[in-house]
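Commentary on secondary and tertiary structure
Residues per chain, in single letters:
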Number of protein chains: 2
Amino acid sequence: MDMYYHEIEIAKAVADAGVRAVLTYGSADVFFQRTPEEEFKIADDFREKLEGLCKERDIKDRLFYAYGPHSPYGCTRELLEIFKEKSAETGTRIHIHLAETLSEFNDIKEKTGYTPIKYLDSFGFLSDRVMAAHVVWVAEEEFSILKERGVHVLHNPISNLKLASGVSPVPKMLDYGINVALATDGPASNNRLDMFREMHVAAIIHKGVAKDPKIVPAKTVLEMATVNAAKALGLENMIGSIEVGKRADLVILNLEKGTQGTPEHDPYSMIVYSLDTSFVESVMVNGQWVYYNGEFTTIKIDELREKVQSIRERLMQEAGIA
Amino acid sequence: MDMYYHEIEIAKAVADAGVRAVLTYGSADVFFQRTPEEEFKIADDFREKLEGLCKERDIKDRLFYAYGPHSPYGCTRELLEIFKEKSAETGTRIHIHLAETLSEFNDIKEKTGYTPIKYLDSFGFLSDRVMAAHVVWVAEEEFSILKERGVHVLHNPISNLKLASGVSPVPKMLDYGINVALATDGPASNNRLDMFREMHVAAIIHKGVAKDPKIVPAKTVLEMATVNAAKALGLENMIGSIEVGKRADLVILNLEKGTQGTPEHDPYSMIVYSLDTSFVESVMVNGQWVYYNGEFTTIKIDELREKVQSIRERLMQEAGIA
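None of the values given here were measured: they were computed from a predicted structure.

Further remarks concern the environment of Phe31 of chain A. All names here are of chain A. Topologically, Phe31 is positioned in helix α2 (residues 29-32). Judged by relative accessible area, which is 40%, Phe31 ranks as partly exposed. On a C-alpha basis, the gap between Phe31 and Cys75 in space is 7.7 Å, while along the polypeptide they are 44 residues apart. Those residues within four positions of Phe31 in sequence are excluded, and the remaining contacts are His70, Tyr73 and Gly74.

Dropping the structure here:
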């Protein structure tokens, strides 16, 4: 899943690269000082364009749309109500940043009288179509609200640590039976968008902070990165596990790519604690190789690297830093 | 640095592999129910054998010896006193686990009346020849003791999290001017002995736990892994930085080995937050390549992998698990 701007360009890149994505335009009428209606229209225009692209390229099983109201502080209640209603009408999922920082928790409480999760619940925003990113600051009475409404939590441990947001109460959410999926957050807060690193940090941080070496075991972490993530995205009938009837989205690991794949022992522990992206030999999406035997098949990586480097240089020059 | 048993076999492997190491026999008269004198003799026998090996192979600038009293709970005070005296006489460094867990902290306090660091200080054990691993549970008054005695702290963030020991107060130790070096702990508590992973976790964990995104910056982390580590080992005149007069211990990174090396920007942030071992192209120790252009030059890695796998199978059979 990706959120924010230039999303139609991202959609084209997703189409070209042969990967699968859920895309959302980051709506925030507060930040951009637009009316809720204007801001919703931008999101709805992107949805239309995305649907056009899917039809044009015949890739409606690879490109998906979700609403992306930025956060309880980036959106007015009016805009959040529009998304709530449209989501109920059309079944479209909603992606929102929620309870990420203590200052957000305190600010929302001061402004609305409610803690962030309770605030959204006070006007019926929360449902099983909502994917809530971060969810670090949760009041005691809010866990049961998340569970009862069927909200999906997207856990971003590396971003939460690097930005000093705190440590999400994942063990408690798992105890409540809340669906917790693993995610990376974006490149502004996480230098590698790397699910192996995210799995590793998710597996160790909660043990260390809760002083309990048994919580959030490796198998649970792998589920958070696969089946739980598919469930959060509403794509659990299509992807998330290797099963007859699902699409072939596969990551092939070669244990001889490095020294940490030997000896072979518990596969969950090995994947979560020992392996990393360098063990990936091939990746298949929707039955097609997008990375095969150590080479990208759909991306000219050297050209891309040069382009990225030259864009950096231009940006630095324009900013007067270079 | 390595600690524990079969150390002369490890010494031979270090010699063959062409790497540099400080080796210690893990002494623990409490665990093994030996007299302090018997336990010291084993450590001293290993020292003699190691000196013989160094002379035989002419590698005294690659293989070093340190004393390894396991911990304040694994050793009697009598054994710790022997190491203290021998260290003062010969200048030999001491490696010890210290204040790793809360139960250790409480147990030592109950048994001796002192907190762990104060207990060792009460009989003059602490000095600038002491390398203390972990140091997670530190009482307020112990920071200045560590600083005044010149103790070197070896920070093992991944092990401390995985074993649920807690989070070491590294930012406070750095504020006190204590020399903090980065380490991995052993394979029993850390599935990858990987300094890139350790750097990444060290850089994010303290920010997240202290709720301060500015502490323990990338440059500090890289220093912990290099110059501070050399200083802890007493080898700062030989290694730890690239300088005229020091030995050539180099890690060569190729930024085109993966996608995270582009664009080139701040080198400290890139190394600590973005790169990993898969970017390592070559490694030089003491002016000799031990890994060159993606290949081990001193180790037959496929043979080693097969051997490790077969040892695992034998152990599982002997344990009746396989």
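Attention shifts here to the relation of the copies chain A and chain B. There are two copies of the chain, and a rotation about an axis plus a shift along that axis relates them. Screw-axis analysis of chain A against chain B gives a translation of 0.0 Å along the axis, an RMSD of 0.0 Å, and a rotation angle of 180°. This pairing of chains is accounted for by a two-fold axis. Considering only C-alpha atoms, the residue of chain A closest to the rotation axis is Ser278 of chain A, which sits at 3.0 Å. Of the interface residues in chain A, 100% have counterparts in chain B that sit at the interface too, so the contact is made through matching surfaces.

The next subject is a nonpolar patch on the surface. Residue and element names in this part refer to chain A. A grouping of Val30, Phe31, Phe32 and Tyr73 is seen on the molecular surface, where their side chains present a nonpolar patch of about 330 Å² in accessible area. Inspection of the secondary structure puts Val30 in helix α2. A relative accessible area of 38% means that Val30 is categorised as partly exposed.

Our next topic: the sheet that holds strand β11 (residues 288-292) of chain A. All names here are of chain A. Read from one edge of the open sheet, four strands run β9-β10-β11-β12, paired in antiparallel fashion. At either margin of the open sheet sits one strand with a lone partner, and together these are β9 (250-253) and β12 (295-296). Here two bridges tie β11 to β12, and the two strands are oriented antiparallel to one another. In the strand pairing of β12, Tyr292 is matched with Glu295.

What follows is about the domain arrangement of chain A. Many structure descriptions define interface size as the accessible area lost when the parts assemble. Residue and element names in this part refer to chain A. Here chain A is described as being made up of domain 1 (1-71), domain 2 (93-241) and domain 3 (248-322). Once you take the C-alpha centre of each, domain 1 and domain 3 turn out to be 25 Å apart. Between domain 1 and domain 3 lies a buried interface of about 490 Å² when both sides are counted; carbon and sulfur atoms form 44% of it. If you sort the residues of domain 1 by the area they bury against domain 3, Ala17, Gly18 and Arg20 come out on top, with a joint share of 66%. Here domain 1 and domain 3 share one salt bridge between them. In this structure, Arg20 engages Asp249 in a salt bridge whose closest nitrogen and oxygen atoms are separated by 2.7 Å. At the boundary of domain 1 and domain 3, one finds four residue pairs in polar contact (both at pLDDT 80 or more).

Let us now look at the environment of Ala21 of chain B. Residues and elements named next belong to chain B. Tracing the chain through its elements places Ala21 in strand β2 (residues 21-27). Taking relative accessible area as the criterion, Ala21 reaches 10% and is therefore assigned buried. Once residues within four sequence positions are removed from consideration, Ala21 is found in contact with Val14, Arg62, Leu63 and Phe64.

Right, let's talk about the interface of chain A and chain B for a bit. At the interface, 46 residues of chain A touch 46 residues of chain B. Buried surface at the junction of chain A and chain B, both sides included, amounts to about 3800 Å², of which 61% is carbon and sulfur. The largest per-residue losses of area from chain A upon contact with chain B belong to Arg192, Arg197 and Arg305 of chain A, which jointly make up 17% of the total buried on that side. Across the contact surface, chain A and chain B share two salt bridges. As a salt-bridge pair, Asp276 of chain A and Arg192 of chain B come within 3.0 Å of each other at their nearest N and O atoms. Along the contact surface separating chain A from chain B lie 22 residue pairs in polar contact (both at pLDDT 80 or more).

What counts, and at which threshold
- Residues numbered from 1 in each chain as written.
- Chains lettered and ligands numbered in written order.
- Predicted model: local features only at pLDDT ≥ 70, side-chain atom pairs only at ≥ 80, totals over all residues.
- Heavy atoms only, no water.
- Helix = DSSP H or I, 4+ residues; strand = E, 2+ residues; numbered from the N terminus.
- Buried < 20%, exposed > 50% of the residue type's maximum accessible area, 1.4 Å probe, protein only.
- Contact = heavy atoms within 4.5 Å.
- Least-squares fit on C-alpha atoms with pLDDT ≥ 70 in both.
- Patch = residues over 30% accessible without salt bridge, like charges linked within 9 Å, V, L, I, M, F, W, Y side chains within 5 Å.
- Areas by Shrake-Rupley, 256 points an atom, 1.4 Å probe, with all protein chains shown as cover.
- Salt bridge = Lys/Arg side-chain N within 4 Å of Asp/Glu carboxyl O.
- Pairing = 2+ DSSP bridges.
- Domains from an automatic or database assignment.
- Buried area = accessible area lost by both parts, 1.4 Å probe.
- Polar contact = N/O pair within 3.5 Å; in protein donor to acceptor, adjacent residues only side chain to side chain.

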